[in-house]
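Secondary and tertiary structure notes
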Amino acid sequence: MEEPRVHRCIECSSRAGALYRDYSRGVLKLAICKSCQKPVDKYIEYDPVIILINAILCKAEAYRHILFNTKINIHGKLCVFCLLCEAYIRWLQLQGSTKNTDPEDIIRYAKEWDFYRMFGIACLEQTAYLGGIFAAMWLMRLKILDTKSDYILLLQALLLPRSEEH
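Residues numbered from 1 in each chain as written. Predicted model: local features only at pLDDT ≥ 70, side-chain atom pairs only at ≥ 80, totals over all residues. Heavy atoms only, no water.

1. Some remarks on the environment of Glu11
Let me state the cut-off plainly: By definition, any uninterrupted DSSP run of H or I lasting at least four residues is a helix, any uninterrupted run of E lasting at least two residues is a strand, and each is numbered from the N terminus.
Examined against the element boundaries, Glu11 turns out to sit in the loop between strand S1 (7-8) and strand S2 (15-16). In this structure the C-alpha to C-alpha distance between Glu11 and Cys33, which are 22 residues apart in sequence, comes to 8.9 Å.

2. Structural notes on a nonpolar patch on the surface
Our working definition: Surface patches are drawn from residues lacking salt bridges whose relative accessible area is over 30%; two like charges belong together within 9 Å, two nonpolar side chains (Val, Leu, Ile, Met, Phe, Trp, Tyr) within 5 Å. The Shrake-Rupley method, run with a 1.4 Å probe sphere, supplies the accessible areas, and residue values consider only the shown protein chains as cover. For this document, the term salt bridge refers to a Lys or Arg side-chain nitrogen within 4 Å of an Asp or Glu carboxyl oxygen.
Side chains of Tyr46, Val49, Ile50, Ile53 and Leu57 sit close together on the surface and give an oily, nonpolar patch of about 440 Å² of accessible area. For Ile53, the position within the fold is in helix H1 (residues 48-56).

3. Let's talk about the packing of H1 against helix H2 (residues 60-69)
Defined as follows: Axis definition: a line fitted to C-alpha atoms, limited for helices to the stretch in contact. Angles are taken between N-to-C directions and run from 0 to 180 degrees. Small angles under 35 degrees read as roughly parallel and large ones over 145 as roughly antiparallel, with 65 to 115 read as roughly perpendicular and the rest as oblique. Take the far helix as the reference: if the near one is turned anticlockwise from it by less than a right angle, the crossing is left-handed, and if turned clockwise, right-handed. The contact criterion used is simple: two residues touch if any of their non-hydrogen atoms lie within 4.5 Å. Side-chain classes follow a simple rule in which Ala, Val, Leu, Ile, Met, Phe, Trp, Tyr, Cys and Pro form the nonpolar group, Asp, Glu, Lys and Arg form the charged group, and the remainder, Gly included, forms the polar group.
Packing of H1 against H2 leaves a shortest axis separation of 7 Å and a crossing angle of 125 degrees. Taken together, the axes of H1 and H2 are oblique relative to one another. In this structure, H1 meets H2 at a crossing whose hand is left-handed. For the pair formed by H1 and H2, the contact residues are Ile51, Asn54 and Ala55 on the first element and Ala62, Tyr63, His65 and Ile66 on the second. Within the contact of H1 with H2, the residues separate by chemical class into five nonpolar, two polar and no charged.

This is the structure in structure tokens:
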């Protein structure tokens, strides 16, 4: 049986009963947080693309919206995007200062494989990062993570801050 979803204010992280009130014929009013007196979640009115852009820009409010107040599953997409960025940065640092635009240049294809290698290394680092955290939590036998949904929320939370490196 699934637990009831707990909404949180994106500004102060306080628990909130609802994100909005639904009046007759689709008239909605955003709920106000009792702690900070701001709207609980302004992002419910935003397009998912804007939310994704704000998450890429490392806005904590967008992270809280994604984690607590929606069922949008963009954690994987955001993680892959950040891994690609990491691979590209490493690949650029690996490249020499010589630029050859000859289409028959065999070295250019080798350089492309270097990008794939950098992406593989970034994926291995991400896997080691997540595996290390989950292994440490398993070894410490923390009682914080009682249910499967707790583990899923932790995984989602770990994927988002990892993207702040870029």
